[in-house]
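A look at the structure
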Amino acid sequence: AEILLKEGFTVSGSDSRESELTRHLEAAGASIHYGQCAENITAGIDVVVYTAAIHPDNPEYAAAVQAGIPLHEIGGNIRIGHSDTFLTEACEYTNSFLSFYPTLGIILNIEEDHMDFFKDLADIRNSFHRFSLLLPRHGLLVMNGEIPHPEEITEGVQARVVTYGLTGQEDYSAGEISYDEKGCASFLAMQGKEALGTVRLSVPGVHNVSNALAAIAASLEVGVPFDAICRGLRLFHGADRRFQYKGEVEGITVIDDYAHHPTEIAATLKAAANYPHRELWCVFQPHTYTRTQAFLHEFAEALSLADHVVLADIYAAREVNTLGISSADLQKEMEKSGKSCSYFPTFEEIEAFLLKNCMHGDLLITMGAGDVHKIGENLLSR
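These numbers come from a predicted model, not from an experiment.

Strand order across the open sheet formed by six strands is E11-E12-E16-E13-E14-E15, with mixed pairing between neighbours. The sheet terminates laterally at strand E11 (244-249) and strand E15 (341-343), the two strands that pair on one side only. When the angles between neighbouring strand axes are averaged without regard to direction, this sheet yields 20°. Bridge analysis of strand E14 (residues 308-311) against E15 gives three bridges, and the strand direction is parallel. In the sheet register, Leu-311 faces E15, and the bridge partner there is Tyr-343.

On to a negative patch on the surface. A surface patch of negative charge is lined by Glu-111, Glu-112, Asp-120, Glu-298 and Glu-301. On the secondary structure map, Asp-120 appears in the loop between strand E5 (104-107) and helix H4 (121-133).

In this section: the pairing of strand E8 (residues 172-179). Sheet topology note: the strand E7 (residues 160-165)/E8 ladder contains two bridges and is parallel. Bridging across to E8, Tyr-164 finds its partner in Tyr-172. In this structure, E8 lies alongside strand E9 (residues 184-191), joined through six bridges in antiparallel fashion. Bridged to Ser-178 within E9 is Ser-186. Linking two consecutive strands that pair antiparallel, namely E8 and E9, is a turn of four residues; a positive phi of about 80° is found at Gly-183 within it.

The sheet built from six strands is open, its strands ordered E5-E6-E7-E8-E9-E10 with mixed pairing. The sheet is open, and its two edges are formed by E5 and strand E10 (194-204), each paired on a single side. Strand-to-strand, the axes of this sheet are offset by a mean angle of 20°, without reference to chain direction. Along the sheet, helix H6 (residues 206-221) contacts E5, strand E6 (140-144), E7, E8, E9 and E10; its crossing angle with E8, the most-contacted strand, is approximately 140°. The strands touched by helix H7 (residues 226-235) within the sheet are E9 and E10, with E10 carrying the most contacts at an inclination of about 15°.

Before going further, it helps to examine the nonpolar core. Ranked by internal contacts, the top residues of the largest apolar core, which has 27 residues, are Ile-265, Leu-269, Phe-284, Leu-303, Leu-330, Ile-365 and Met-367. Contributions of two or more residues to this core are made by helix H8 (262-273), strand E13 (280-284), helix H10 (296-303), E14, helix H11 (327-336) and strand E16 (363-367). With residues up to four places along the chain from it excluded, the contact list for Met-367 reads Asp-257, Ala-259, Ile-265, Thr-268, Leu-269, Cys-282, Val-283, Phe-284, Gln-285 and Val-372. Membership of the second largest hydrophobic core comes to 23 residues, among which are Leu-140, Val-162, Ala-217 and Ile-229.

When the terminal C-alpha atoms of H8 are compared, their 17 Å separation across twelve residues agrees well with the 16 Å that a helix rising 1.5 Å per residue should span. Considered for burial, the residues of H8 that qualify are Pro-262, Ile-265, Ala-266, Thr-268, Leu-269, Ala-271 and Ala-272. On its buried side, H8 packs onto E10, H6, strand E12 (252-257), E13, H10 and E16.

Time to look at the pattern of salt bridges. A full pass over the atoms with the stated rule returns twelve salt bridges. A salt bridge links Arg-241 to Asp-256, with the shortest nitrogen-to-oxygen separation between them at 2.5 Å. Of this pair, Arg-241 sits in the loop between H7 and E11 while Asp-256 is found in strand E12, placing the two residues 15 residues apart along the sequence. In this structure Arg-241 comes out as buried when scored by relative accessible area, which is 13%. For Asp-256, a relative accessible area of 1% gives the class buried. With a shortest N-O distance of 3.5 Å, Arg-382 and Glu-351 are connected by a salt bridge.

Our focus in this paragraph is the pairing of E7. When a strand is regular, its side chains alternate between the sheet's two faces. Judged from the five bridges that link them, E6 and E7 form a sheet pairing that is parallel. Bridge pairing links Leu-140 to Arg-160 in E7.

Thresholds applied
Residue numbers here run from 1 along each chain, matching the order of that chain's written sequence. Owing to the predicted nature of the model, reporting of local features is limited to residues with pLDDT of at least 70; listing and counting of side-chain atom pairs is limited to 80 or more, with chain, interface and lining totals taken over all residues. In computing side-chain properties, one takes all heavy atoms of the structure into account and sets aside hydrogens as well as water. Strand pairing follows a simple DSSP-based rule, namely that at least 2 bridges must link the two strands. Runs of H or I in DSSP of at least four residues are treated as helices and runs of E of at least two as strands, each being numbered from the N terminus. Each axis is a line fitted through C-alpha atoms, and for a helix only the stretch in contact is used; angles between axes span 0 to 180 degrees, taken between their N-to-C directions. A patch consists of residues whose relative accessible area exceeds 30% and which take part in no salt bridge; residues with like charges are grouped when within 9 Å of each other, and nonpolar side chains (Val, Leu, Ile, Met, Phe, Trp, Tyr) when within 5 Å. Surface exposure here means Shrake-Rupley accessible area, sampled with a 1.4 Å probe, where a residue is shielded only by the protein chains that are shown. In what follows, salt bridge is the name for a side-chain nitrogen of Lys or Arg lying within 4 Å of a carboxyl oxygen of Asp or Glu. Charge assignment in this entry is limited to Lys and Arg as positive and Asp and Glu as negative, and neither His nor the chain termini are counted. Working definition for charges: the position is that of NZ of Lys, CZ of Arg, CG of Asp or CD of Glu. Two residues qualify as a contact provided that any one of their heavy atoms is within 4.5 Å of a heavy atom in the partner residue. What makes a nonpolar core is a set of buried Ala, Val, Leu, Ile, Met, Phe, Trp, Tyr and Cys residues whose side-chain atoms join them at distances within 4.5 Å. Note on exposure labels: buried denotes an accessible area under 20% of the residue type's maximum, exposed denotes more than 50%, and partly exposed covers the range between, all computed with a 1.4 Å probe on protein chains only. Multiply 1.5 Å by the residue count of a helix minus one, and that product is the helix's expected span.

Structure below.
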């Protein structure tokens, strides 16, 4: 939308609720409707763009089909640069990443997720294999070498393949990892057995060491100087909703994080262990009913890394609860292993509980892909 507005196109759109993003687009000249209904699809629209979260029963989608308006999909946030390089984050959900034809691809991990679409892990791995096959002979695949059975993903791939990882056996690896007082890592970047130099990150956690190696591998392979890569990594202070510092209230540090898969939760809470705090609180809002049911035990296990866990209601996103699952089920799963866990249906109850029980020096992380960030923001605005 932002690219099209800058190029002089007329852009309108809709979302379920107002947000900073919609306000930003409105300020840029877009016409935004809140609530999705067929009437938003008006005469004169040349093309309708939708995300993978939109299904055929959506009233605007159905109206566009009935009107014979061409559709294609696009997603993600944007920064408009000046080079001839186009960089995008692709998602495997609904196999949407198979609609891209990159010359360089990076695969960070392959795990069970989006089980409302995929049958099982083998189905997901097959999709990543198909993604790898899209790369041309003159292209490059940068792949996490710690992915199990990588040869299944790269079989028949024409592009050159380079690996990165933390075992020391990959083409690009990290040695001498250490952490500063905020949990941000420094490490010696290695290309094979050659030491490239020391890299210092401004984002916490060992998972970001792995992410940095992916960036280093891709950048070096396309000719970016190592000192420029180090400078870029040092200046990167994180994305919104990824271990994002929000502020302090009564001596309690508030962090917000988008983690909504068990592996992401574990990575974030492990990173928090190296961040200064007395006790660690995690307010978790599960994202979608299917994901909550599929990973109930894994969620409980990952959340147990926090000292205290508070659950909000499941954020439905694109789903209707046909499974009869709720956050109370996750609470019971955690209590099975002897982990104390609180659950409140409303944000107001959660905020009151936190104000009463969090202590000076504690670290509070609001976590999830929904609107759980509002809890920390509400506390900070008091």
